[in-house]
Amino acid sequence: MSNSDQLKRADFIFKNENDWEDILKKNIKRSQQELINELISSELKGRGGAGFPTGLKWKLSAEAESDAKYVICNADEGEPGTFKDREILSLVPFKVLTAMAICGHVIGAKEGFIYLRGEYFFLKPRLNEAIHEFETYCKTIHVDFSIRIFMGSGAYICGEETALFESMEGKRGEPRNKPPYPALSGYMNKPTVINNVETLAHTYTIFKYGAKRFYDLGVQFSRGTKLFSVSGDTPKPGIYELELGMSLADFVNDFGDGDTKAVQVGGASGFLVPRKRFTETNIGFQGKLTGISLPTGGSMMLFNSSRSMFNVLDNYLEFFREESCGQCTPCRVGCQQLWRGIKAVKSGDKNAQYLDKLLRLAETMQLTSKCGLGQSVANSFSSIVENFREEMIY
Amino acid sequence: METVSELIKTLADQHGRNRQNLLPILQGVVEQEKYLSESSMIEIARELDIPASEVYGTATFYSFLSYKKMGRYIIRVCKTITCSMKGKNQVLLAIQDMLKIGIGETTPDGVFSLLQTNCLGFCHKAPTMLINSDVYTELTPEKVREILSGYLAKAKEGGDYEQ
Ligand code: SF4
Ligand code: FES
């Protein structure tokens with residue numbers, strides 16, 4: 001593990017997209033197998049948070065037999081504290097479009113969609129212009145691939161891939177049971193590759209520079225770079241491209257205000273790390289050798305000692321309570337109960353032991369909820385309650 | 001401006017009459033009408049040949065598809081953690097004070113509605129709000145008063161008042 005003392009900054013994603021025509025032309029001529037192998041050997045994992053190997057996803061869809069297949073770019077960025085995808089689509093849209101077309105070539109899809117969250121409606125006209133220019137170029141080199149924007153309408157859960165398909169099919173955005181997985185049965189029950197905006201942008205880097213260049217960045221199990229959305233109590237809020245595998249202590253050194261008491265890694269559905277764990281915690285995907293390693297869709301929220309962790313948790317739970325799709329009981333009722341529960345403890349209506357009951361409830365939600373939303377509420381809940389118990393009571 | 005039923009027909013022609021086109025059609029109606037009335041939901045159901053209950057069930061799932069009449073300009077103030085740490089409450093108070101409405105309410109002249117919303121994806125520039133689809137960041141009470149004055153002026157000269 002190459003855990004250096006400093007953060008290693010990188011500059012791939014936002015650098016020079018003027019060469020997209022060449023990248024497209026060059027890669028569209030390569031065989032499907034070759035492109036899949038390149039992606040697999042880069043060890044790129046999905047940048048939306050879940051971290052599924054991207055090459056494998058493309059491979060499964062490529063191998064599926066079907067009359068129609070789809071490529072979907074998931075731009076339903078709703079995780080509190082995350083804002084990198086918007087920046088990618090604003091600054092380097094052609095990288096994403098190119099990656100989608102290459103994916104279409106690999107799996108045999110002629111249609112692609114960008115599912116854009118309703119809050120980013122202002123991006124639509126510019127993005128449509130880019131799509132128009134892109135499609136015009138595709139025609140000149142005989143690439144048969146079209147891209148359309150599908151607008152969301154203010155529902156966080158639609159970032160969950162199967163809920164997103166439901167939404168695109170004109171229904172309530174309620175997650176489906178998995179399996180079947182999207183790679184085999186996704187939008188309109190056809191094989192679908194659905195990738196986060198940032199993931200697609202990284203495939204562009206890989207197809208441009210080769211898998212090795214990407215693989216050589218980061219650490220074992222967490223290869224490459226990642227965009228981090230930094231917010232909260234920091235003198236430098238913004239978006240930064242860093243290599244994976246850094247320690248949280250290094251991160252706080254660089255981005256903290258000198259008084260950081262905790263960092264929420266991965267947004268409301270992620271984990272809170274208190275100061276005493278900064279050194280032992282790394283940012284990347286879980287792996288056998290990486291110690292305590294936290295995955296993240298990129299959200300890094302810093303809190304200094306002036307902040308009440310009760311208020312933070314209260315705010316997260318209110319968020320989940322509103323954004324739960326309501327389909328399954330553990331999540332629908334659980335989110336409400338956790339939210340009411342901490343308020344009851346704070347106001348003295350329930351005693352401190354009640355927190356233990358709530359911790360067990362969170363565990364039950366983790367085990368029995370249908371999708372990632374209900375399953376991940378326990379992450380922030382347990383890590384905040386366990387590390388800042390006194391703040392929940394007094 | 002088209003009547004609602006004309007609008008629904010135009011939207012259905014433009015997008016298609018499959019179930020997959022339901023959301024774009026709902027969005028198109030909300031864009032013009034600022035909400036989905038019961039009768040427009042029934043009309044959409046007829047146009048796409050699906051049960052009205054399905055249209056209602058889908059529409060009410062999404063927070064941007066209002067089924068209550070909204071103002072010409074819908075203000076959505078972010079209430080998620082970073083915005084709330086960086087002074088969202090003062091911003092909200094300034095708006096309420098200036099427009100004399102509470103959260104969830106619409107001004108009597110039908111120009112503004114005030115809502116709170118979850119993370120808008122500009123946390124590094126908190127606090128933030130949307131007015132229709134325009135984003136405003138790094139808000140302060142002063143800044144917000146200035147922005148709203150701009151909209152008020154626009155509403156007056158454009159004869160934007162609707163009753
Ligand atoms: S876990 Fe929550 S969001 Fe997911 S399906 Fe169940 S109710 Fe819906
Ligand atoms: S918390 Fe308000 S924009 Fe993210």
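Bear in mind the structure is a predicted one, so any value in this text is a computation, not a measurement.

S.K.: Would you mind going over the overall build of chain B with me for this structure?
M.R.: Each helix and strand counted, chain B has seven helices and four strands in total. On the principal axes, the C-alpha backbone points of chain B span a range of 50 × 35 × 25 Å. Taken across its 163 residues, chain B has 55% of its residues classed as buried. Within chain B, contacts between residues at least 6 apart in sequence are counted, and of these 61% link residues at least 24 apart. Split by element, the accessible area of chain B, about 7,400 Å² in all, is 48% carbon and sulfur.

S.K.: So what exactly am I meant to see when it comes to the sheet that holds strand E9 (residues 260-265) of chain A here?
M.R.: Within a sheet, adjacent strands bond to each other through the backbone by hydrogen bonds, running parallel or antiparallel. Residue and element names in this part refer to chain A. Read across the open sheet, the five strands follow the order E8-E7-E13-E9-E10; overall the sheet is mixed. Because the sheet does not close on itself, it has two edges, and the strands there are strand E8 (238-243) and strand E10 (271-274). Averaged over all pairs of adjacent strands, the angle between strand axes in this sheet comes to 30 degrees, irrespective of strand direction. Here strand E7 (residues 225-232) pairs with E8 via six bridges, running antiparallel. When the bridges of E8 are listed, Leu227 appears paired with Glu241.

S.K.: Explain the interface of chain A and chain B here, please?
M.R.: The extent of an interface is frequently quoted as the accessible surface area lost upon association of the parts. The interface of chain A with chain B comprises 50 residues on the first partner and 31 residues on the second. Three residues, Glu119, Ser153 and Arg172 of chain A, lead the burial of chain A against chain B; their summed loss comes to 19% of the area buried on that side. Summed over the shared surface of chain A and chain B, the result is three salt bridges. The salt bridge partner of Lys79 of chain B is Glu322 of chain A, with a shortest N-O separation of 2.4 Å. Where chain A meets chain B, there are 22 residue pairs in polar contact (both at pLDDT 80 or more). Among the secondary structure elements, those contributing two or more residues to the side of chain A that touches chain B are strand E3 (146-151), helix H7 (161-168), E7, strand E13 (299-304) and helix H11 (309-323) of chain A. Among the residues forming the side of chain A that touches chain B, the class breakdown is 22 nonpolar, 15 polar and 13 charged.

S.K.: Would you explain a nonpolar patch on the surface in this entry?
M.R.: Residue and element names in this part refer to chain A. There is a patch of nonpolar side chains on the surface, built from Phe52, Leu56, Leu60 and Leu184 and spanning about 330 Å² of accessible area. Inspection of the secondary structure assignment puts Phe52 in the loop between helix H2 (32-42) and helix H3 (54-63). Classification of Phe52 as partly exposed rests on a relative accessible area of 40%.

S.K.: Looking at this model, I keep getting lost on the UniProt feature "binding site: [2Fe-2S] cluster" (unreviewed entry) in chain B. Mind explaining?
M.R.: UniProt's feature table lists "binding site: [2Fe-2S] cluster" (unreviewed entry) at Cys78, Cys83, Cys119 and Cys123 of chain B, given in the numbering used throughout. Across 46 residues of sequence, these annotated residues stay compact in space, with a maximum C-alpha separation of 9.3 Å. Within the secondary structure, Cys78 of chain B is located in strand E1 (residues 73-78). The class for Cys78 of chain B is buried, based on a relative accessible area of 1%. If sequence neighbours within four positions are ignored, Cys78 of chain B has contacts with Cys83, Lys88, Thr117, Asn118, Cys119, Leu120 and Thr128 of chain B. One can find Cys119 of chain B in the loop between strand E2 (112-117) and strand E3 (129-131). A relative accessible area of 3% places Cys119 of chain B in the buried class. Those residues in contact with Cys119 of chain B that lie beyond four places of it in its chain are Gly78, Glu79, Pro80, Gly81 and Arg117 of chain A together with Cys78 and Thr80 of chain B.

S.K.: Help me understand the domain arrangement of chain B, please; the structure alone is not making it clear to me.
M.R.: Under the domain assignment, chain B is made up of domain 1 (4-61) and domain 2 (73-157). Between the C-alpha centres of domain 1 of chain B and domain 2 of chain B there is a distance of 28 Å.

S.K.: Can you help me understand the environment of Cys138 of chain A in this one?
M.R.: All names here are of chain A. Structurally, the position occupied by Cys138 is in helix H6 (residues 124-140). On a C-alpha basis, the gap between Cys138 and Leu373 in space is 38 Å, while along the polypeptide they are 235 residues apart. Ignoring any residue separated from it by four or fewer positions in sequence, one finds Cys138 in contact with Leu24 and Val143.

S.K.: Got a minute to help me understand the domain arrangement of chain A in this structure?
M.R.: All names here are of chain A. One can read the domain layout of chain A as domain 1 (3-215), domain 2 (218-304) and domain 3 (309-391). With eleven residues of domain 1 at the interface, the matching set in domain 3 holds seven residues. In total, domain 1 and domain 3 occlude about 810 Å² of area from one another, counting both sides; carbon and sulfur atoms represent 69% of this. Together, Tyr156, Ile157 and Pro175 form the three largest contributors to the area buried by domain 1 at its contact with domain 3, with a combined 53%.

S.K.: How should I be thinking about helix H12 (residues 329-347) of chain A in this particular structure?
M.R.: Given 3.6 residues per turn, any residue in an α-helix points the same way as the ones three and four places further on. Residues and elements named next belong to chain A. Along its 19 residues, H12 runs 26 Å from first to last C-alpha, staying within 8% of the 27 Å computed at 1.5 Å per residue. Taken together, the buried positions of H12 are occupied by Cys331, Gly334, Cys335, Leu338, Trp339, Gly341, Ile342, Ala344 and Val345. The elements touched by buried residues of H12 are H11, helix H13 (354-368), helix H14 (372-387) and helix H15 (389-393). Positive phi shows up at Gly348, right after H12, with a value of about 90 degrees.

S.K.: Help me understand the pattern of salt bridges, please; the structure alone is not making it clear to me.
M.R.: Note that side chains of opposite charge can pair when their charged atoms are close. Residue and element names in this part refer to chain A. One pass over the structure, following the stated rule, counts 37 salt bridges over all chains. The salt bridge involving Lys178 is made with Glu160; its shortest N-O contact spans 3.7 Å. Residue Lys178 is located in the loop between H7 and strand E4 (192-196), and its partner Glu160 is located in the loop between E3 and H7; the two are separated by 18 residues in the primary sequence. Close ionic contact of Lys171 with Glu166 constitutes a salt bridge, the shortest N to O distance being 3.9 Å. Relative accessible area serves as the criterion here: at 27%, Lys171 is assigned to the partly exposed category.

Thresholds applied
Residues numbered from 1 in each chain as written. Chains lettered and ligands numbered in written order. Predicted model: local features only at pLDDT ≥ 70, side-chain atom pairs only at ≥ 80, totals over all residues. Heavy atoms only, no water. Helix = DSSP H or I, 4+ residues; strand = E, 2+ residues; numbered from the N terminus. Buried < 20%, exposed > 50% of the residue type's maximum accessible area, 1.4 Å probe, protein only. Contact = heavy atoms within 4.5 Å. Areas by Shrake-Rupley, 256 points an atom, 1.4 Å probe, with all protein chains shown as cover. Pairing = 2+ DSSP bridges. Axes fitted to C-alpha atoms, helices over the stretch in contact; angles between N-to-C directions. Buried area = accessible area lost by both parts, 1.4 Å probe. Salt bridge = Lys/Arg side-chain N within 4 Å of Asp/Glu carboxyl O. Polar contact = N/O pair within 3.5 Å; in protein donor to acceptor, adjacent residues only side chain to side chain. Nonpolar A, V, L, I, M, F, W, Y, C, P; charged D, E, K, R; others polar. Patch = residues over 30% accessible without salt bridge, like charges linked within 9 Å, V, L, I, M, F, W, Y side chains within 5 Å. UniProt positions renumbered as here; feature names shortened; annotations may be inferred. Domains from an automatic or database assignment. Expected span 1.5 Å × (residues − 1).

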